[in-house]
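One-letter residues, chain by chain:
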Amino acid sequence: MQFSKEDYDAIAGAIREAEKRTCGQIVCVHAHIPILWASLLALFTPWPLIYFTQWSVQRIFLVQLIVFLIAAVAFSWPPLRILLVPRAIQRARAHRAALEQFVLRGISRTRNRCGVLIFVSVAEHYARIIADEGVAQKVHALEWQAPIDALTAHMRQGRIAAGFIAAIERCGAVLAEHAPPDGSANELPDRLYVI
């Protein structure tokens, strides 16, 4: 999924508007989880070639690179990917990636600890909102379901940017209720990260 400049601008604008009503910070991440199967296949490719051929190292490396590229394209095709990777593993990888992004984006280092991550991995059919401890103590986990529902409803229609905007607006409302403005500065960039 490619985002246009207008999509990035609209999402950034939605974050800015939502953060005006709260001391919380909102971070959005759209992920493409790395292709493990292609990497593993490429790593094992040289071994039979080393033992059963007289090919040069350069030729074997070239074959390994080609295998990776072909496998990466093949495993990016959702029906094949869904067939090869069990659903539980897909969700576990996506959840781990969401937690990593929460830390990498500095959400846990904000002054009032009221940051929220909106994380989506389309290939894994995974959407999650992770709240930092300052807001998680005040907000019941079920309150984050409405932003997730809004996000996924738009995504089913192929409108990912609109889904992020709807989720941001709903997260902003939750944050405004439980973490009102306290005069603190905007500590995190207002933007969509695509990884």
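Structure shown above.
Keep in mind it's a predicted model, so treat the numbers as computed, not measured.

Peer 1: I tried to follow the overall build of the protein chain on my own but got confused; where do I start?
Peer 2: Broken down by element type, the protein chain carries nine helices and four strands. Reading the helices (α) and strands (β) of the protein chain from amino to carboxyl end gives α-β-α-α-α-α-α-β-β-α-α-α-β. Expected size for 195 residues packed as a compact globule is a radius of gyration near 16 Å; at 20 Å, the protein chain overshoots this value by more than 25%. Viewed in the frame of its principal axes, the protein chain has a C-alpha envelope of about 70 × 35 × 30 Å.

Peer 1: Got a minute to help me understand the packing of helix α8 (residues 145-156) against helix α9 (residues 160-178) in this structure?
Peer 2: Any two packed helices are characterised by how steeply their axes cross, that is the angle between the axes, and by the distance between the axes. Remark: α8 packs on α9, axes separated minimally by 7 Å, with the N-to-C direction vectors making an angle of 165 degrees. Judged by the angle between their axes, α8 and α9 are roughly antiparallel. When you trace α8 past α9, the crossing you get is right-handed. Where α8 approaches α9, its residues A146, P147, A150, L151, H154 and M155 are matched on the opposing element by I160, A162, G163, F164, A166, A167, R170 and C171. Split by residue class, the contact of α8 with α9 holds eleven nonpolar, two polar and one charged.

Peer 1: Teacher, can you tell me more about the pattern of salt bridges here?
Peer 2: Close approach of charged atoms lets side chains of opposite charge pair. As enumerated under the stated definition, the model contains six salt bridges in all. Several salt bridges converge on common partners, so that one network encompasses R113, D132 and E133.

Rules used throughout
- Residues numbered from 1 in each chain as written.
- Predicted model: local features only at pLDDT ≥ 70, side-chain atom pairs only at ≥ 80, totals over all residues.
- Heavy atoms only, no water.
- Helix = DSSP H or I, 4+ residues; strand = E, 2+ residues; numbered from the N terminus.
- Rg over C-alpha atoms; globule rule 2.2 N^0.38 Å.
- Axes fitted to C-alpha atoms, helices over the stretch in contact; angles between N-to-C directions.
- Parallel < 35°, antiparallel > 145°, perpendicular 65-115°, else oblique.
- Left-handed = near helix turned anticlockwise from the far one by under 90°.
- Contact = heavy atoms within 4.5 Å.
- Nonpolar A, V, L, I, M, F, W, Y, C, P; charged D, E, K, R; others polar.
- Salt bridge = Lys/Arg side-chain N within 4 Å of Asp/Glu carboxyl O.

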